[in-house]
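Each chain is listed here by its residues.
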Amino acid sequence: VELLSNLALGFGTALSPANLFLGFVGCLVGTLIGVLPGVGPIATIAMLMPLTLKVDPTGALIMLAGIYYGAQYGGSTTAILVNMPGEVTAVVTTLDGYQMARQGRAGVALGVAALGSFFAGCVATLVIAALAAPLARIALLFGPAEYFGLMVFGLGLAVVLARGSVLKALIMVTLGLLLSTVGTDLETGQERLTLGIAELADGVDFAVLAMGVFGIAEILRNLENPESRNVAIAQLGRLLPTREELRRCFGPVARATGIGAVLGILPGNGAVLGPFASYALEKKLSKQPEGFGKGAIEGVAAPESANNAGAQTSFIPLLTLGLPPNAVMALMVGAMTIHGLIPGPQVMTKHPQLFWGMIASMWIGNLLLLVINLPLIGLWVRLLRVPYRIMFTTILLFCAIGIYSINNNPYDVYFTAFFGLAGYLFIKLGLEPAPMLLGFVLGRLMEEKLRQALALSEGSLMTFVERPFAAALLVLAAVVMVVAVLPAVSRSRQKAFQE
Amino acid sequence: MRQRLLRQDFLGGLAVIAVAAFAYWLARKLPTGAAGGMGPGALPKGLAVVLGGLGCLLLLNSFNSQSLARWSARGPLCVLGALVLFGLAVRPLGLAVAGPLAIAAAAAASGESRWRETLVFGALMTLFCVALFKFALGLPIPLAPWLVGY
C-alpha cells in the first residue's frame, strides 16, 4: 500500500505538464545526440548537462534521466543501422541488428528493440520502486566501515566484469583512485598532486574526465578508421514485428529483463554484463543457434532488453546507498550536487517528491521513447547519412560548449583535451577506461570513509574484521578477485566476452 | 629488441610506471600519518606504489602482447588543438569566433574535409549554437564581447 501511494505521488509529480515536457525534451535531444555515431550515453549526458542547469532539481533529474534513456536508444539505432556502437553495451546489438538491417529488416530490428526495452523498462521501474525503500533503510544502518567494504566490493566486481585482462583492469582502477586524490585534502586542506594549478584545487571534474576519455577519444579513434560507414538500408521495411516474431521474442525478452535487472543492481557496473550474458544464454537455449549472428531477431531483442533493464536498475545503488555504480550514475551525482542534493538514503525521506517523481518518470520516459522513436526513425536514418567529416566537427563543438558551460571555465576545456589525449593513448595501449572512471568516482568517498572508520576505531584495522557486514563485503571482494584470476574461470571469462 | 619495444603492454607498463613515479614524486612532501590519523599523503603515496607494482607486472608479462597499432599525429593534434583554441577564444572573443575557429581547426583533422563546405557549415553551426545555448537556454557563455559587449 505504501508502494502504491508512493508511486501515486511520483506519477503526480512526473505527470505535471512542466515535468512531462522536460522529460519529453530530454528523451528527444538525448536520442538526437545519442544517434550520432561514436557518441555514447556518457558523452551525451556530459554534453547536455548544461540544458538542465536552469531547471528546478526535480525537473532537472527527470530531464537527465530522459536524456539517458534517449541516448541509450539512439545508440541502439546507430548500432543497428551503421554497425557503430556508441558504447560497450551496444556492441552485442550490432551482431544481429546490423545483419537484420542488411537484409532489409532494419525497421523490425528497431521496433523490437524499442518494444523489448519498453517491457524491460516497465519491469525495472517496478523493481526499483519495490526495492528502494527497504534498501535505503538498510543503508541508514551502514557506518563508514561498511561503506568502505561495499565500495571495495564494487571495485572488485568492476575489475572482474571489465573486458580484457584482469591486470589491466586493476591498473585502471588504481589509476582512477589515484586521480581522485588530486585536489584539496578534505581534512587538512592541503593541496595534493595539483602541480600548482589553481583550477585543480577542487579536483578533476568528473564530467571533464568522462568527456575526455569517452567522447573525445572516440572521435580520435573514428577519425583513424577511414569512413566505412554504410547506412545499411535501402529500405527500412515495416517497423512492427509480426505476431510470430513477437511470440519468438517473448521468452528471450523476459529472461533478459531478469538478467539485466539483477546485474544492474550490483555495485560494480554489473549492467555492462547484461547484454553479453543474455545474448549468450539465448544462443544456448535457442533451437536454431546457428541463426545468431546472421540476423536472429532474438539476438536483438534480448541484449536490448537486458541493457535497458540494467540501465534502470543501476539507479538503485545511487538512490539508496549514494554510491554510483557506473559512469553514467556518477554524472547523475554531479548533476544532483549542482542542485544541492547529496545522493544517498536520505534523499527518499527528505525529498520524496523528487525521488518518486524520478522513478515514475523512468516509466514515462520509456513510454515516450516508444512514442518518439517509432515515428522518427526516418529522421534518424537521414541524420546518419551525413558524412562523418562534417559530423565530428559538430560533435566536438557541442562537447566544447557543453564542458565550458558546466562551470563557465575555459580550463575545463583544456583538461578535456588532455584527457582526450589520455583516452587515445588508452585505446592504443589496450587499456579499458571504464574501470578507471569507477575508481575515480568512488575514490574520494572511499578515502573519506576509510579515514572516518579508522578515526572511529582509533587506528585499529580490526574494525574491518569486527564489524561483520564490513568484513563479509571485504572477503567477498577478495573472493571475486581470486576467482577471476583462476585459470579455468579466466578462460571462460574471455570466452564470454568474445561471443 | 625493437619488436619487443613496440609491444602494447611493454609501452603500457612503462607508461604506468612513469605515471606512478610522477605521482609519488608530487606527493613526496605530504605527511603520511599513522593509521589512526591518516595524513593527506597516505593514499596518494600508497596508490602510487601499488600502481607502480602493477605496471611492473604488466611490463614483465608483455612478451605475448599485441604489437602496437598504427599511430597518427594529425587527428589528435587537430582535434585537441581545436579544443584548446576554443578554450582560449571563448572568453575574450566569444562563441561567435570560438565556434568557427574550433570547427575549422577540427576539420583539418580529416583528409576528406573540403574548405568551402567547412566554412559554410561552421558558420551555420555557430549560428545554431548561439540560438540554442545563448538565447533559448540563456547560458552565460560570451557571444562576442568585442562587438556587442556580452
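Residue indices begin from 1 for each chain and proceed along its sequence in written order. The naming scheme follows written order: chains are lettered A onward, ligands numbered 1 onward. Local features in a predicted model are, by the rule used here, given only for residues with pLDDT of at least 70; side-chain atom pairs are given and counted only at 80 or more, and totals for whole chains, interfaces and linings are based on all residues. Note: side-chain values were computed over all heavy atoms of the structure, leaving out hydrogens and water.

Asker: In this structure, what is going on with the overall build of chain A? I would like to understand it.
Answerer: Within chain A, the regular secondary structure consists of 22 helices and 2 strands. Each radius of gyration reported is based on C-alpha atoms, and the globular scaling rule is 2.2 Å times the count of residues to the power 0.38. Relative to the compact-globule value of 23 Å for 499 residues, chain A shows a C-alpha radius of gyration of 22 Å, a close match. Oriented by its inertia axes, the alpha-carbon framework of chain A measures out at about 70 × 55 × 50 Å. When the accessible surface of chain A is summed, it comes to about 17,800 Å², and 67% of that surface belongs to carbon and sulfur atoms. Charged residues are defined here as Lys and Arg on the positive side and Asp and Glu on the negative side; His and the ends of the chain fall outside this count. Charge coordinates come from a single atom per side chain, which is NZ of Lys, CZ of Arg, CG of Asp or CD of Glu. Computed over 30 positive and 27 negative side-chain charges, the separation of the two mean positions in chain A equals 11 Å. Counting from the N terminus, the helices are DSSP H or I runs at least four residues long and the strands are E runs at least two residues long. Accessibility throughout is a Shrake-Rupley quantity obtained with a 1.4 Å probe, and a residue counts as covered only by protein chains that appear here.

Asker: Would you take a moment to explain the interface of chain A and chain B for this structure?
Answerer: Many analyses report the size of an interface as the accessible area lost when the parts associate. Taken together, the contact between chain A and chain B spans 60 residues of the former and 68 residues of the latter. Buried area between chain A and chain B, both sides added, is near 5,500 Å², and the carbon and sulfur share of it is 78%. In the sections that follow, a salt bridge refers to a side-chain nitrogen of Lys or Arg positioned within 4 Å of a carboxyl oxygen of Asp or Glu. For the pair chain A and chain B, the number of links is 2 salt bridges. Note that B:D9 and A:K168 form a salt bridge whose closest N and O atoms lie 2.9 Å from each other. What qualifies as a polar contact is a pair of N or O atoms within 3.5 Å, subject to a donor-acceptor requirement within protein and to the restriction that residues adjacent in sequence count only when both atoms come from side chains. Applying the counting rule to chain A against chain B returns 8 residue pairs in polar contact (both at pLDDT 80 or more). At the level of secondary structure, the elements contributing two or more residues to the side of chain A that touches chain B comprise α8 (166-180), β2 (191-192), α9 (206-224), α17 (388-407), α18 (410-429) and α19 (433-456) of chain A. Considering every element that reaches the side of chain A that touches chain B, the biggest residue donor is α17(A), with 12 residues. In the scheme used here, Gly and all other residues not listed as nonpolar or charged are polar, with Ala, Val, Leu, Ile, Met, Phe, Trp, Tyr, Cys and Pro taken as nonpolar and Asp, Glu, Lys and Arg as charged. A class-by-class count of the residues in the side of chain A that touches chain B yields 34 nonpolar, 13 polar and 13 charged. Residues are treated as being in contact if the distance between any of their heavy atoms lies within 4.5 Å. Computed with a 1.4 Å rolling probe, the buried area is the accessible surface lost when two parts are put together, summed over both parts.

Asker: What is the right way to read the environment of B:P140 from this model?
Answerer: Take B:P140: it is sitting in the segment after α6 (115-136). If we skip the residues at most four places from it in the chain, B:P140 touches A:N408 and B:K134.

Asker: Looking at this structure, how should I read the packing of α17(A) against α6(B)?
Answerer: In helix packing, the relevant descriptors are the interaxial angle and the interaxial distance, both defined with respect to the helix axes. Their axes nearest at 11 Å, the elements α17(A) and α6(B) cross at an angle of 35 degrees. Helix-helix and strand crossings are classified by hand; for α17(A) and α6(B) the assignment is right-handed. Residues A:R389, A:I390, A:T393, A:T394, A:L397, A:F398 and A:I401 of α17(A) pack against B:E117, B:F121, B:M125, B:F128, B:C129 and B:F133 of α6(B). Counted by class, the contact of α17(A) with α6(B) contains 9 nonpolar, 2 polar and 2 charged residues. Helix axes use the C-alpha atoms of the stretch in contact, all axes being lines fitted to C-alpha atoms, and the angles between their N-to-C directions lie in the range 0 to 180 degrees. Crossing handedness follows the turn of the near helix against the far one: under a right angle anticlockwise gives a left-handed crossing, and clockwise gives a right-handed one.

Asker: What am I meant to see in the side chain of A:T320 here?
Answerer: Residues and elements named next belong to chain A. With respect to the helices and strands, the residue T320 is situated in helix α13 (residues 315-321). With relative accessibility at 1%, the residue T320 sits in the buried group. For T320, the side chain forms a polar contact with the main-chain oxygen of I316, separated by 2.6 Å. Setting aside its immediate chain neighbours within four residues, T320 contacts A132, L135, A136, A139, G344 and P345. Burial here depends on accessible area, computed with a 1.4 Å probe over protein chains only, as a share of the maximum for the residue type. Under 20% is buried, over 50% is exposed, and the range in between is partly exposed.

Asker: Explanation requested: the packing of α8(A) against helix α3 (residues 42-60) of chain B in the structure shown.
Answerer: Close contact between α8(A) and α3(B) brings their axes to 9 Å; oriented N to C, the two are set at 155 degrees. When the axis of α8(A) is compared with that of α3(B), the two are roughly antiparallel. Classified by chirality, the crossing of α3(B) by α8(A) is left-handed. Across from A:L167, A:K168, A:L170, A:I171, A:T174, A:L175, A:L177 and A:L178 in α8(A), the residues of α3(B) making contact are B:P44, B:L47, B:A48, B:V50, B:L51, B:L54, B:G55, B:L57 and B:L58. Of the residues assigned to the contact of α8(A) with α3(B), the class counts are 14 nonpolar, 2 polar and 1 charged. Every angle not falling under 35 degrees, over 145, or within 65 to 115 is termed oblique; those three ranges are roughly parallel, roughly antiparallel and roughly perpendicular.

Asker: Where do I start with the confidence of the model for chain B in this structure?
Answerer: Caution is warranted with low-pLDDT regions, since their predicted coordinates should not be read in detail. All names here are of chain B. Within chain B, residue pLDDT values average 84, and 93% of them lie at 70 or more. No element of chain B has a lower mean pLDDT than helix α1 (residues 2-5), at 55, and none a higher one than helix α4 (residues 74-90), at 92. Across the whole predicted complex the pTM is 0.89, and at the interface the ipTM reaches 0.92. Scored from 0 to 100, pLDDT records how confident the predictor is in each individual residue.

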